[in-house]
Amino acid sequence: MIKVLFVCLGNICRSPLAEAIFKKKLEIEQLAHKISCDSAGTANYHVGENPDPRTVEIAEKHGIPVNHKGQQFKKHHSEEFDYLFAMDGSNYKNMVSEIGNDPDKLILMRNFDPFGKGEDVPDPWYGGINGFENVYQILDRSLDKFLDHLKEKHDL
Ligand code: 4NP
């Protein structure tokens, strides 16, 4: 099993949305028995909580179910997962503080974005619903590219 972890700050907006979108893609491509994913936040503010209602609203608008409880990113995740995705540069730095430098595993989400390579997935927490739609579009196209990459690399 190839294991992928998406990480943001609070684990209620960006990373649970990435997890939900990617799970749907894995189902559609019939790869859920070969690739799995989860999400976490570098902060502990929302541990045990459901995703933000705006995350759920945007996912539902695109026909994607969301099912996650907030958890904090910890060192053990770096042993359990093959790919660790940071949503932004600040998440990346916080992850390095927790697990040390691991450039093979630790990747910025938008390294797979054909539009805006290496930029941050913007934190939508303080904005309105349009910010969540923007995050959805960024994640959807980045995750398409990542899945293409996995299929090629692992011969799936
Ligand atoms: P996320 O967004 O990192 O995409 O889940 C945030 C959620 C909560 C907070 C910040 C960002 N917060 O400060 O509580």
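For the structure itself, consult the block above.
A brief report on the enclosed structure follows. (Residues numbered from 1 in each chain as written. Predicted model: local features only at pLDDT ≥ 70, side-chain atom pairs only at ≥ 80, totals over all residues. Heavy atoms only, no water.)

**Considering the overall build of the chain**
Okay, step 1: When helices and strands are tallied, the chain shows 5 helices and 4 strands.
Okay, step 2: The C-alpha atoms of the chain give a radius of gyration of 14 Å, which matches the 15 Å a tight globule of 156 residues would have.
Okay, step 3: Each principal axis of the C-alpha distribution contributes one length, and for the chain these read about 40 × 35 × 30 Å.
Okay, step 4: Burial statistics for the chain: of 156 residues in total, 47% are counted as buried.
Okay, step 5: Summed over its atoms, the accessible surface of the chain is roughly 7700 Å², and 47% of this surface lies on carbon and sulfur atoms. (Helix = DSSP H or I, 4+ residues; strand = E, 2+ residues; numbered from the N terminus. Rg over C-alpha atoms; globule rule 2.2 N^0.38 Å. Buried < 20%, exposed > 50% of the residue type's maximum accessible area, 1.4 Å probe, protein only. Areas by Shrake-Rupley, 256 points an atom, 1.4 Å probe, with all protein chains shown as cover.)

**Some details on the nonpolar core**
Okay, step 1: Membership of the largest hydrophobic core comes to 34 residues, with the highest contact counts inside it found for Val-4, Phe-6, Phe-22, Ile-35, Phe-85 and Leu-139.
Okay, step 2: Breaking this core down by element, the ones donating at least two residues are β1 (2-8), α1 (14-28), β2 (35-41), α2 (53-61), β3 (83-86) and α5 (129-153).
Okay, step 3: In this structure, Val-7, Phe-81, Met-95 and Leu-108 belong to the second largest nonpolar core, which totals 11 residues. (Core = buried A, V, L, I, M, F, W, Y, C linked by side-chain atoms within 4.5 Å.)

**A few points about the packing of aromatic side chains**
Okay, step 1: Inspection of the entire model under this criterion finds 8 aromatic pairs.
Okay, step 2: On the numbers, 5.7 Å between centres and 80° between planes, the contact of Phe-6 with Phe-22 is edge-to-face. Of this pair, Phe-6 sits in strand β1 while Phe-22 is found in helix α1, placing the two residues 16 residues apart along the sequence.
Okay, step 3: Judged by centre distance (6.1 Å) and plane angle (70°), the rings of Phe-85 and Phe-112 are edge-to-face. One end of the pair, Phe-85, is in strand β3; the other, Phe-112, is in the loop between β4 (106-108) and α5, and 27 residues separate them in sequence. (Phe/Tyr/Trp six-rings, centres within 6.5 Å; stacked < 30°, edge-to-face > 60°.)

**A closer look at the packing of α2 against α5**
Okay, step 1: Two elements in contact, α2 and α5, have axes whose closest approach is 10 Å; the angle formed by their N-to-C orientations is 55°. Accordingly, the angle class assigned to the pair α2 and α5 is oblique. Crossing of α2 against α5: the hand is right-handed. Contacts between α2 and α5 involve Arg-54, Thr-55, Glu-57, Ile-58 and Lys-61 on the former and, on the latter, Ile-129, Phe-132, Glu-133 and Tyr-136.
Okay, step 2: Here the contact of α2 with α5 is composed, by residue class, of 4 nonpolar, 1 polar and 4 charged. (Axes fitted to C-alpha atoms, helices over the stretch in contact; angles between N-to-C directions. Parallel < 35°, antiparallel > 145°, perpendicular 65-115°, else oblique. Left-handed = near helix turned anticlockwise from the far one by under 90°. Contact = heavy atoms within 4.5 Å. Nonpolar A, V, L, I, M, F, W, Y, C, P; charged D, E, K, R; others polar.)

**Thoughts on the packing of α1 against α5**
Okay, step 1: Viewed as axis vectors pointing N to C, α1 and α5 meet at an angle of 45°, and their least axial separation amounts to 9 Å. Between α1 and α5, the angle falls in the class oblique. Of the two possible hands of crossing, α1 and α5 adopt the one that is right-handed. Along the contact surface, α1 presents Arg-14, Leu-17, Ala-18, Ile-21, Phe-22, Lys-25 and Leu-26, while α5 presents Phe-132, Val-135, Tyr-136, Leu-139, Asp-140, Leu-143, Asp-144, Phe-146, Leu-147 and Leu-150.
Okay, step 2: For the contact of α1 with α5, the residue count by class is 13 nonpolar, no polar and 4 charged.

In short, geometric facts, not functional conclusions.
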